[in-house]
Amino acid sequence: MTGFYGKTYRYKDKVIGVCNTLNPDTYMVGFATTGGHKRMKSIPVCGSVEEAQKALDDFARKKGLPEVSE
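All residue numbers here refer to positions counted from 1 along the written sequence of the relevant chain. With pLDDT at 70 or above as the cut-off, local features in this predicted model cover only qualifying residues; side-chain atom pairs require 80 or more to be listed or tallied, and sums for whole chains, interfaces and linings still use all residues. Hydrogens are left out, water is left out, and the side-chain values use all remaining heavy atoms of the structure.

S.K.: Could you give an account of the sheet that holds strand β2 (residues 14–20), naming the residues involved and the relevant values?
M.R.: Taking strand neighbours across the sheet as the criterion, the 5 strands line up as β4-β3-β2-β1-β5 in an open arrangement whose pairing is antiparallel. Here the strands that pair on one side only, and so sit at the sheet edges, are β4 (36–39) and β5 (67–68). In this sheet, strand β3 (residues 27–33) lies alongside β2 in antiparallel orientation, the contact comprising 5 bridges. Bridge pairing in β3 places C19 opposite M28. Sheet contacts for helix α1 (residues 49–63): β1 (5–11), β2 and β3; angle to β1, the most-contacted strand, approximately 25°. Pairing between two strands requires that DSSP report at least two bridges joining them. Secondary structure follows DSSP: runs of H or I at least 4 residues long count as helices, runs of E at least 2 residues long count as strands, and numbering of each begins at the N terminus. In what follows, residue pairs with any heavy atoms lying within 4.5 Å of each other are defined as contacts. Angular values range over 0 to 180 degrees, each being the angle between N-to-C directions of two axes fitted as lines to C-alpha atoms, with helices fitted over their stretch in contact.

S.K.: Go over the pairing of β1, please, and point to the residues and values.
M.R.: Strand direction decides the pairing type here: β1 and β2, joined by 4 bridges, are antiparallel. If you follow R10 over to β2, its bridge partner there is V15. The hairpin turn running from β1 into β2, its antiparallel successor, is 2 residues long, and K12 in that turn takes a positive phi close to 55°. Where β1 lies against β5, 2 bridges are found, and the strand directions are antiparallel.

S.K.: Kindly report on the packing of aromatic side chains, identifying the contributing residues and their values.
M.R.: Each pair of aromatic rings taken from Phe, Tyr and Trp, with Trp reduced to its six-membered ring, is defined by centres within 6.5 Å and is described as stacked if the planes are under 30 degrees apart, edge-to-face if over 60, and tilted in the remaining cases. Scanning all chains against the criterion turns up 2 aromatic pairs. Between Y5 and Y27, the aromatic rings sit 5.7 Å apart at their centres with planes inclined by 85°, giving edge-to-face as the arrangement. With Y5 in strand β1 and Y27 in strand β3, the pair connects residues that are 22 residues apart, well separated along the chain. Placement of a charge over a ring requires the Lys NZ or Arg CZ to be within 6 Å of the ring centre, with the centre-to-atom vector within 35 degrees of the ring normal. Positioned over the ring face of F31 is K14, at 5.1 Å from the centre of the ring.

S.K.: Break down the environment of T21 for me, with residues and values.
M.R.: Looking at the element boundaries, T21 is found in the loop between β2 and β3. Taking the C-alpha atoms as reference points, T21 and A60, separated by 39 residues in sequence, lie 21 Å from one another. A distance of 2.8 Å separates the side chain of T21 from the backbone oxygen of N23, its partner in a polar contact. Within polar-contact distance, the side chain of T21 engages the side chain of T26 at 2.5 Å. Distance and chemistry together define a polar contact, namely a pair of N or O atoms within 3.5 Å, with one atom able to donate a hydrogen and the other to accept it when in protein, and with adjacent residues in sequence counting only for side-chain atoms on both sides.

Structure follows, in structure tokens:
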């Protein structure tokens, strides 16, 4: 279980997706680490899963990232 919401993408050697932050009212795009998730600082923290997923989708489209199917 990766703990991601929605679609995920391959970025370099990691799978990135929308996940929780420590604040229950915000979401981030990040990748799984041993202790949880690390935020991708190039994508801002968002107030909803949908907003974060749109930011991730836009980033992935711009970079030409492949979607990961689980």
